[in-house]
Amino acid sequence: MKHHHPRRTAISMAAAQATLLCSGIAFAQTPPAPAAPAASAPVQKVETVVVSGRRAALESAQKIKQNSDEIVDSIVADDIGKLPDQSVTEVLQRIVGVTIDRTMAKNDPEHYSVEGSSVNIRGLSYVRSEVNGRDTFSANGGRALNFEDVPPELLAAVDVFKNPSAAQIEGSIGGLVNLRTAMPFDNPGFKGHITAVGKYNELQGKFSPSASGLLSNRWKTDLGDVGLLLSLAHSKSSTRTDLWQVEPYYKIDGTHWVPKGAQWRDSNFERSRNGTYAAAQWKKDDISSSLTYFQSKYKMQWDENALFAQTTPWNLVIGSDAKYNANNVFVSGTLTAPVDGGVNFGADTRYMTRNSKTRDLGWNLAWKANDRWSFSTDLQLVKSDTNAFDSTVATGLLMPKETLDLTGSTPRVVFDASDLAALQNKANYYWAFTMEHLDRSKAEQKAWRADAKFNFDHAVLQDLSFGIRLTDRDATTTKTVPDYNWSAITQTWQRGWDISGLAYLNDPRFNAPTRLHEFKNFFGGQSVPAIYVPAVSLAKDYPTSYAALHQYHDILCAEQAAAQGWSSGCATWSPASFGTNPAGTNEQHERTQAAYAQLRFDFTDAGAPIDGNVGLRAVRTDMKASGYTVFNYNPGINPTPNQTVTGVPVPIIPSFTTPISAEQSYVDVLPSLNLRFKASDKLQFRAAVAKGVSRPDFADMQAYTSMELTTTKHTENNDTVLVIDAVNLSGSASGNPLLKPVKSTQVDLTAEWYFAKNGSVTLAVFNKQLKDIIVKQSATTVLRDAANNPLNFTVTSPVNGSKGHARGFELAFQRYFDMLPGWMSGLGVQANYTYVTSKTTPYDPVTTPFCAGTSTDAANLNLNINGCDTDGRTFGNLPLTNLSKNAYNLALLYDYGPFSARVAYSWRSKYLQGVNVNGTRSGDGRLSNGTAVAYALPTWSDDYGQVDAGISYRFSDKFSLSVEGQNLNNALARQLMQQNIGMMTRAVNYTGRRYSVQASYSF
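Every value quoted in this text rests on a predicted model; they were computed, and no experiment measured them.

*Asks:* Honestly, the overall build of the protein chain in this entry has me stumped. Any pointers?
*Replies:* Regarding its fold elements, the protein chain presents six helices and 53 strands. In terms of overall dimensions, the protein chain has C-alpha extents of about 95 × 65 × 55 Å along its principal axes. Taking all contacts inside the protein chain whose residues are at least 6 apart in sequence as the whole, residues at least 24 apart take part in 75%. Computed over 94 positive and 92 negative side-chain charges, the inter-centroid distance for the protein chain is 5 Å.

In structure tokens, the structure reads:
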């Protein structure tokens, strides 16, 4: 095994260099921990020992944790561009206390993200992100970086800070994720590195290439030391997810709980990611400066073909072959729907693209005036934008029956010869619906900070850091209105009153292109039938293709009008507005002014082995938002000439749109204390107390309120009398520009035993007391009708309306077994476990035991807060979303000679994904008395564990080859839906195994 000799260097840790790493190939053995953002870190001498390999990366991460002023956990690359996983989110999940979410969107847990989409720290989503100690973000309506946008090949280390300090930028309660890149002064001279990667997806049988490279050099000149670095990364990734899915269960016959149906789908995800990172450094005498540019481009295409049940549940008839469990829950049997003319399905083609770009430019200047004083200043400009197009076109399908088998771990639909023949017959398919969505977002932030540090000549007082930071951020998000514009072409429920029949595929009048989609290699070898779906061109060619498809409705509507003798005209399709309706635009402007002071102390020379820091950060936030209040007068009263209108009188309020301009200012004062007690060189204890804040996402602060007047009505006397039963006055706000930050008072205690250079046992106990958690709440808004009478509208909006806590502990162990002889000394293990429990208590709770009404929008508070079953019963007592009580990681390591290997297993227990989210909500539930009611089932991700492994061989100091595999245990991601009959299987996702081969060369 090759040994490298120590090399001592002096490097400035001021400003952007606070998180300076000592090379991509090997991090410093004894660096100071990156205890604070770059611009506030002290200038000090650092001894570094250059080593390489996974063992060195583990030792470096351990040293960071041991020497840090705060509680921090890190992962360090064991080679240039060689973090141990394929995405930043997967890297983060290896850190104790961190879990990742694998859904593509929070409000759409039906769709799986193979590489992970977001992170929680200690069970909380209030996570802030940085690159090299500077705050950064993605333009998605939130405040953090989309970690999937960032090429991991550009990173050399990732730090997760668990508790805040005064010198850190405010905004993190769960934790702070700092992504670190290399700097030119990390190497004594020229350095080059290239990497080529080939990835293979077993389920798709498809290869994807990736490549990255780094060039760095430094020179001594008459003007001082100069260094330049350029790093580029390009990667493509292709994944596929197969899905079996079961619809919610209904108490269809008053006794038995039966699902509306079951279905299957496949989704293909293509991702292209390009990263550019450039850095320049200069140093002369006591002045140093750096300039960095970071750019990430992310492009994805996602397509889906799905069969899904859409029959009215109350029209289903249960076959005599049905079997039930002890709770009268359906487990197998046949379903028919004679009233509907067959069991109704949809078969869709969905096409989605998203393009995102984030650019981060930063400049830093640091000056060490003398032995006592040092100063730094830092400028940053961040620009981020994203745009997306999401299009779905669907056919419908009427099947004679559906036979389900839900007895196994994976739900199945059973087909006989008649079922297969029906699926192959175009006469059973019809054109069903379209749905479009577009969005674009832009965000820009300018930030400036200035810091100073005074070093004391004192036995206890070490130094005093203080400074200011100013920011100016603008964010604009535009979406289609309606957001996802579902529009019927022909539906079974339209027959007889709107259209004369369905637009069947075998009718030559309705000859838009279709294709027979085969689900090849489904679930790695299962056989499911092919189905007719719309051609992809119909989804891509919006709006032209949509207009052509909706003409099919117009043809059949004209036939119905002629048959019934009405001439009021048929409603024609129009696309969702984009950029023209005020409801779709959210504009925010935020300014902050922060000041901090932080004192470091050390009582060791005074006889007590205690050190730490105490500080105070104060920040003023000024927010401005512009938007609209929109009122829609929509009573829905269109009597025919032979109808009489009676019942409740309907007031008249003309529709209107009124601009809103809202602004607010608030000040947060955030004290912090970090203490460390060194019982010995190997054993130490920490205690940290702090206050933290997490500002609301910009999406939650939109200044837009929509109010509407509707009616509930019925007809009598053979439709000759239209009776108005009630006038509904409701509304909802897309956001609340007067929201305040979520606040936290948090306590952390740790015990840390570092018994070897690469061996440690650490225990952390934490308690985060939260207040002003953002929830939905209703209030009364008064409008006046045309006669000047006041009308009370119930308007729901997000408010700071709850308190709660997240508390638990973390336990971590790692070491290489150096005491073993020979090759066995290369064995190592890394393990950690996290336990978190949470509770929320609304300031104004909703305690009604049943839901009411058929609306699934924000105004239905009971539905949104507690969730409701298909029979209207509420659940309540739900935990924080995305919080697993238990999570652990286990890795077996090997480093000996030129060989390096890892087998890693990451597991987390089930967690709540959301309430009132896509797929498990509808307005077709029923109370026991037969009244229609909306339901929204809490959706959970079941326990999930995944095995990843890799092995590398270093042929020389310059060339290495590695092979890696992800999801080697072929884990299935199971989703559950909570009902009063139990936790029922909602879906099972299959992604298959993935492999990669990587070659790296340094020069």
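There's plenty left to go through after this.
*Asks:* Where do I start with the sheet that holds strand β9 (residues 134-135) in this structure?
*Replies:* For sheets, the rule is that strands pair by backbone hydrogen bonds, running either parallel or antiparallel. With mixed pairing, five strands are arranged side by side in an open sheet as β3-β10-β11-β8-β9. In this open sheet, the two strands that pair with only one neighbour each are β3 (72-76) and β9. As paired strands, strand β10 (residues 157-161) and strand β11 (residues 175-180) are joined by five bridges and run antiparallel to one another. Bridge assignment links Asp159 to a residue of β11, and that residue is Asn178.

*Asks:* Whenever I open this one, the state of the cysteines confuses me. Can you help?
*Replies:* Covalent bonding between the sulfur atoms of two cysteines defines a disulfide. Considering all chains together, one arrives at two disulfides under this definition. Between Cys557 and Cys570 runs a disulfide, and the two sulfur atoms are separated by 2.0 Å. Between Cys557 and Cys570 the disulfide shows an S-S torsion of about -100°. By sign, it is left-handed. A residue pair is termed long-range when its members are at least 10 positions apart, and Cys557 in helix α5 (residues 544-564) and Cys570 in the loop between α5 and β31 (577-578) qualify at 13 residues. For Cys570, a relative accessible area of 23% corresponds to the partly exposed category. With its disulfide-bonded cysteines labelled consecutively along the sequence, the protein chain is connected as 1-2, 3-4.

*Asks:* Explain the pairing of strand β17 (residues 262-284) here, please?
*Replies:* In summary, the side chains of a regular strand alternate between the two faces of the sheet. Where strand β14 (residues 224-246) and β17 come together, 22 bridges link them in antiparallel fashion. Counterpart to Thr241 in the pairing with β17 is Ser267. Where β17 and strand β18 (residues 287-309) come together, 21 bridges link them in antiparallel fashion. Following the sheet pairing, Lys284 is matched in β18 by Ile287. Where β17 hands over to β18, the hairpin turn is made up of two residues, of which Asp285 adopts a positive phi near 55°.

*Asks:* Any chance you could explain the environment of Ala787 here in plain terms?
*Replies:* Note on placement: Ala787 falls in the loop between β40 (759-784) and β41 (790-816). Given the relative accessible area of 56%, Ala787 is considered exposed. Each C-alpha atom of the pair Ala787 and Glu964 lies 73 Å from the other, and the pair is 177 residues apart in sequence.

*Asks:* Quick question: what am I supposed to make of the pattern of salt bridges here?
*Replies:* Close approach of charged atoms lets side chains of opposite charge pair. Applying the stated criterion to the full structure yields 44 salt bridges. Linking Arg128 and Asp135 is a salt bridge whose minimum nitrogen-to-oxygen distance equals 3.0 Å. The exposure class of Asp135 is buried, given its relative accessible area of 7%. In this structure, Arg993 and Glu202 form a salt bridge, with 3.4 Å as the shortest nitrogen-oxygen distance. In this pair, Arg993 sits in the loop between β52 (982-990) and β53 (994-1002) while Glu202 sits in the loop between β12 (191-201) and β13 (206-221), placing the two residues 791 residues apart along the sequence. With relative accessibility at 31%, the residue Glu202 sits in the partly exposed group. The network of salt bridges with common partners includes Lys65, Asp73, Arg122, Lys162, Asp748 and Glu810.

Definitions and limits used
- Residues numbered from 1 in each chain as written.
- Predicted model: local features only at pLDDT ≥ 70, side-chain atom pairs only at ≥ 80, totals over all residues.
- Heavy atoms only, no water.
- Helix = DSSP H or I, 4+ residues; strand = E, 2+ residues; numbered from the N terminus.
- Contact = heavy atoms within 4.5 Å.
- Lys, Arg positive; Asp, Glu negative; His and termini not counted.
- Charge placed at Lys NZ, Arg CZ, Asp CG, Glu CD.
- Pairing = 2+ DSSP bridges.
- Disulfide = S-S within 2.5 Å.
- Buried < 20%, exposed > 50% of the residue type's maximum accessible area, 1.4 Å probe, protein only.
- Salt bridge = Lys/Arg side-chain N within 4 Å of Asp/Glu carboxyl O.

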